[in-house]
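# Topology and contacts: notes
These are the residues of each chain, in order.
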Amino acid sequence: MYYSEISKILEAGLERDKEKVRSFALLLAKKMEDDGETRGSARIRNILEKKNSGKATTDSLVPIPVDQESRMNIVDIDYNPVTDDLILSAIVQSKLQDFIDTIQHKKIMDDMGLEFSQSILLYGYPGCGKTTVAAYIASKLQLPLVTARLDSLISSLLGATAKNIHKIFEYAKRQPCVLFLDEFDAIAKARDDQHELGELKRVVNSLLQNIDDYCNDGILVAATNHQELLDNAIWRRFQSVIEMPRPGIPEIKQMMGLLPDFLHTDQIKKSQWEKIYHSMEGLSYSDIKKIKNNLSKKAILKENVELNMESIIGEVYFFKNHGNFSKDDMAIFMLKCGVPKNRIAAYADISRRKIDHFAERVNKNE
């Protein structure tokens, strides 16, 4: 059950790295405590406290680094990263599993003389699962997730940003973890950007050096919504690069199949579901999750848990228009999505004659 942590403690002990032994032992103690093994967890902590003069703490494995100017923490740490049901395209899932399998078989590959960087770059449209994937990787590897805080990492002091980057990598080196650099483009911009000062070049150079030094033994996940801004040298530092696309129809179908149990959808036919899925094309995973949450909230507030085709597509329309809508525009949207005229008239409280007029316009434009 705890083979991974025990083996890492043994490896660190054979390397005579006391700090790593302590960090992995604390991680083991925390996992045992979470599983209800309080006596075993307490024994490990007592041993560490005796051997380290009380240095072992329950709050952190290693002191969290801070920005010199603001005195704010420059990382957040999640010891037990948990993810929702991970829904991704088959291609993305395959690439992601390959990355996780590679890390889990690192020792075998090292023994065979195969060199690889334990790093992955995720890029794509906002809300398409990059942060969730970082937590998923950490969860699968049973490691804490250390997330760099860009709001405090980027300092106004000349040279302080590069120092903060170095602090983060040094912190991650001293304990078992997955290091996550979100909004990666903020510190990895192309060095030939004419609008940036020489400080950017120093920051990117420092970043490259730290990645090279860290990723043989440490695990790095980076994510960006603006891959076009990344320096060319950055791409070569990553063993795996995965584009995180918007969900297609199969993924939308999976997400809508996970509606809360209290919502009833018995009256929605299979052909109508297909039209609902197509109405959501172009949205992100995060967008669809918000639509599902809005449907649940309205069902509870209105004490009506029966969903139908028009109520779901109506919610899609509201979301796509950010709450700014007109009944006429909504009716036209529903017609384009295949909602029957009589149901649109009832849902939007519009006369059937007016709906017929809109239908003529839609047919003419098609």
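The shown structure was predicted, so the numbers you read here are calculated from the model rather than taken from an experiment.

A word on the packing of helix 4 (residues 90-104) against helix 6 (residues 130-140). Running from N to C, helix 4 and helix 6 cross one another at 35°; their axes reach a closest spacing of 11 Å. Viewed along their axes, helix 4 and helix 6 form a crossing whose handedness is right-handed. Of the residues in helix 6, those in contact with Leu96, Gln97, Phe99, Ile100 and Gln104 of helix 4 are Val133, Tyr136, Ile137 and Lys140. Residues that form the contact of helix 4 with helix 6 fall into these classes: six nonpolar, two polar and one charged.

The next point concerns the packing of aromatic side chains. Following the criterion strictly, the structure yields six aromatic pairs and no others. A ring pair is formed by Tyr123 and Trp235, whose centres lie 5.7 Å apart and whose planes are at 80°; its orientation type is edge-to-face. Placement of Tyr123 in strand 2 (residues 119-124) and of Trp235 in helix 10 (residues 232-235) is noted, with a sequence separation of 112 residues between them. Judged by centre distance (5.7 Å) and plane angle (20°), the rings of Trp273 and Tyr277 are stacked. One end of the pair, Trp273, and the other, Tyr277, are both in helix 12 (residues 270-279), four residues apart, so they sit about a helical turn from each other. Neither Trp273 nor Tyr277 differs from the other in exposure class; each is buried. By way of ring pairs, the aromatic residues Tyr317, Phe318 and Phe333 are connected into one cluster. Taking NZ or CZ as reference, Arg246 lies 3.5 Å from the ring centre of Tyr125, over its face.

Further remarks concern the environment of Glu37. On the secondary structure map, Glu37 appears in the loop between helix 2 (18-34) and helix 3 (38-51). Through-space distance from the C-alpha of Glu37 to that of Asp356 is 68 Å; in sequence the pair is 319 residues apart. Dropping the residues within four chain positions of it, Glu37 is found in contact with Tyr2 and Met32.

A one-sided burial pattern is seen for strand 6 (residues 240-244), the buried positions being Ser240, Ile242 and Met244 and the unburied ones Val241 and Glu243. Bridge analysis of strand 2 against strand 6 gives five bridges, and the strand direction is parallel. Each bridged residue has a counterpart across the sheet, and for Leu122 the counterpart in strand 6 is Ile242.

Moving on: the sheet that holds strand 4 (residues 178-181). Read from one edge of the open sheet, six strands run 1-3-4-5-2-6, paired in mixed fashion. The outermost strands of the open sheet, each flanked by one partner alone, are strand 1 (75-78) and strand 6. Sheet twist, expressed as the mean angle between neighbouring strand axes with direction ignored, is 20°. By the bridge criterion, four bridges tie strand 1 to strand 3 (residues 145-148) in an arrangement that is antiparallel. Bridging across to strand 3, Asp78 finds its partner in Leu145. This element, helix 4, spans strand 2, strand 5 (219-224) and strand 6 of the sheet and lies at about 150° to strand 6.

Counting residues in hydrophobic clusters, the biggest one holds 67 residues, and the most contacted among them are Ile137, Val178, Met256, Met280 and Ile312. In terms of residues, this core owes the most to one element, helix 14 (residues 309-320), which gives seven residues. Beyond its immediate chain neighbours, meaning those up to four positions away, Met256 contacts Trp273, Tyr277, Met280, Ile288, Lys292 and Ile312. Membership of the second largest hydrophobic core comes to 34 residues, among which are Tyr171, Phe184, Tyr214 and Ala233.

Counted by the stated rule, this structure contains 14 salt bridges. In this structure, the salt-bridge partner of Asp110 is Lys106, at a minimum N-O distance of 2.7 Å. Of this pair, Asp110 and Lys106 are both found in helix 5 (residues 106-111), four residues apart, which corresponds to roughly one turn of the helix. What makes Asp110 partly exposed here is its relative accessible area of 39%. Residue Lys106 is classed as buried on the basis of its relative accessible area, which comes to 15%. Note that Asp356 and Lys341 form a salt bridge whose closest N and O atoms lie 3.5 Å from each other. Separated by 15 residues along the polypeptide, Asp356 in helix 17 (residues 352-365) and Lys341 in helix 16 (residues 341-348) bring together distant segments of the chain. Residue classification places Asp356 among the partly exposed residues on the basis of a relative accessible area of 26%. Beyond isolated ion pairs, a larger network of salt bridges with shared partners links Lys106, Asp110 and Asp217.

Calculation notes
- Along each chain, residue indices are assigned from 1 in the same order as the chain's sequence is written.
- Only residues with pLDDT of at least 70 get local features here, since the model is predicted, and only at 80 or more are side-chain atom pairs given and counted; chain-wide, interface and lining totals rely on the full set of residues.
- Derived side-chain values reflect all non-hydrogen atoms in the structure, with water molecules and hydrogen atoms excluded from consideration.
- Every angle, taken between N-to-C directions, lies between 0 and 180 degrees, and every axis is a line fitted to C-alpha atoms, over only the stretch in contact when it is a helix.
- Helix numbering and strand numbering both begin at the N terminus, where a helix is a DSSP run of H or I of at least 4 residues and a strand a DSSP run of E of at least 2.
- In this scheme the handedness of a crossing depends on how the near helix is turned from the far one: anticlockwise by less than a right angle means left-handed, clockwise means right-handed.
- Contacts are assigned to residue pairs that have any heavy atoms within 4.5 Å of one another.
- Classification used: nonpolar for Ala, Val, Leu, Ile, Met, Phe, Trp, Tyr, Cys and Pro, charged for Asp, Glu, Lys and Arg, polar for all others including Gly.
- To pair, rings of Phe, Tyr and Trp, with the six-membered ring standing in for Trp, must have centres within 6.5 Å; the planes then decide the type, stacked if under 30 degrees apart, edge-to-face if over 60, and tilted in the middle.
- Burial status follows relative accessibility: with a 1.4 Å probe on protein chains alone, a residue under 20% of its type maximum counts as buried, one over 50% as exposed, and anything between as partly exposed.
- Ring-over charges, as used throughout, are those where CZ of Arg or NZ of Lys falls within 6 Å of the ring centre and within 35 degrees of the ring normal.
- A pair of strands is considered paired only if DSSP assigns at least 2 bridges between the two.
- Joining through side-chain atoms within 4.5 Å is the link that ties buried Ala, Val, Leu, Ile, Met, Phe, Trp, Tyr and Cys residues into a set, and such a set is a nonpolar core.
- The salt bridge definition used is simple: a Lys or Arg side-chain nitrogen within 4 Å of an Asp or Glu carboxyl oxygen.

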